[in-house]
Amino acid sequence: MSLEQQLIERLQTLAPSHLEVINESAGHGGYFPGKESHFKVIVVSDEFNGLRLVQRHQKVYALASDLMNPGQIHALAIHAYLPSEWQGQAPASPECAHAPKS
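Keep in mind that what you see is a predicted model, and the values were worked out from it rather than measured.

The rules behind these values
Residues numbered from 1 in each chain as written. Predicted model: local features only at pLDDT ≥ 70, side-chain atom pairs only at ≥ 80, totals over all residues. Heavy atoms only, no water. Salt bridge = Lys/Arg side-chain N within 4 Å of Asp/Glu carboxyl O. Helix = DSSP H or I, 4+ residues; strand = E, 2+ residues; numbered from the N terminus. Buried < 20%, exposed > 50% of the residue type's maximum accessible area, 1.4 Å probe, protein only. Pairing = 2+ DSSP bridges. Axes fitted to C-alpha atoms, helices over the stretch in contact; angles between N-to-C directions. Contact = heavy atoms within 4.5 Å. Core = buried A, V, L, I, M, F, W, Y, C linked by side-chain atoms within 4.5 Å. Polar contact = N/O pair within 3.5 Å; in protein donor to acceptor, adjacent residues only side chain to side chain.

Describing the pattern of salt bridges
In step 1: Per the counting criterion, the structure on display carries 2 salt bridges.
In step 2: With a shortest N-O distance of 2.8 Å, Arg10 and Asp66 are connected by a salt bridge. Here Arg10, found in helix α1 (residues 3-11), pairs with Asp66, found in the loop between α2 (53-64) and β3 (75-81); they are 56 residues apart in sequence, far enough to count as distant.
In step 3: Arg56 serves as the salt-bridge partner of Glu85, at 2.7 Å between the closest nitrogen and oxygen. With Glu85 in the segment after β3 and Arg56 in helix α2, the pair connects residues that are 29 residues apart, well separated along the chain.

Set out below in structure tokens:
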């Protein structure tokens, strides 16, 4: 099973009303087809009720902790919202300084 699918399965335990897991590996140095190292997660869940932003991130990291090992997920951008905060889109990811040049 791909890292992306494993991450999706773990995040499903948050009972999200919206979930996106975006593989952004192609925008980073050392990319090759099929590489899974950099992900952006957008998760909207009532499970974040009463939690500060850092606590929301900790909750997501706890679910992904065993996937954050060398040779697996190198970077995880987290955008965690309550349903009342979700405006339909998350901020764009910054360009990587080591991104492949086209």
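Looking at unusual backbone geometry
Leaving glycine out, the prevailing phi sign among residues is negative, and the prevailing peptide bond configuration is trans.
In step 1: A positive phi is found at Ala15, a non-glycine position, where the angle reads about 50 degrees.
In step 2: As for its placement among the helices and strands, Ala15 is situated in the loop between α1 and β1 (18-23).
In step 3: We classify Ala15 as exposed; its relative accessible area is 56%.

Digging into the sheet that holds β3
In step 1: Ordered by their spatial adjacency, 3 strands build an open sheet running β1-β2-β3, and the pairing between neighbours is mixed. Unpaired on one side and paired on the other, β1 and β3 mark the two borders of the sheet. Each neighbouring strand pair of the sheet contributes to a mean axis angle of 10 degrees, computed without reference to strand direction.
In step 2: Of the pairings in the sheet, the one linking β1 to strand β2 (residues 38-44) comprises 6 bridges and is antiparallel in character. Directly across from His18, in β2, lies its bridge partner Val44.
In step 3: The strands touched by α1 are β1, β2 and β3; relative to β1, the strand with the most contacts, the crossing angle is about 160 degrees.
In step 4: Sitting on the sheet, α2 is in contact with β2 and β3, with an inclination near 130 degrees to β3.

Thoughts on the nonpolar core
In step 1: Grouped together as the largest cluster of nonpolar side chains are 17 residues, with contacts concentrated most on Leu7, Val60 and Leu76.
In step 2: Secondary structure elements with two or more residues in this core: α1, β2, α2 and β3.
In step 3: Contacts of Val60, omitting those with residues within four sequence positions, involve Leu11, Leu14, Val43, Phe48, Leu76 and Ile78.
In step 4: Ile42, Tyr81, Trp86 and Ala90 belong to the second largest nonpolar core, which has 5 residues in total.

Examining the environment of Glu20
In step 1: With respect to the helices, strands and loops of the structure, Glu20 is situated in strand β1.
In step 2: Between the C-alpha atoms of Glu20 and Val41, which are 21 residues apart in sequence, the distance is 5.7 Å.
In step 3: If we ignore the near neighbours within four places in the chain, the residues touching Glu20 are Lys40, Val41 and Ile42.
In step 4: Polar contacts involving the side chain of Glu20 include one to the side chain of His18, which spans 2.7 Å.

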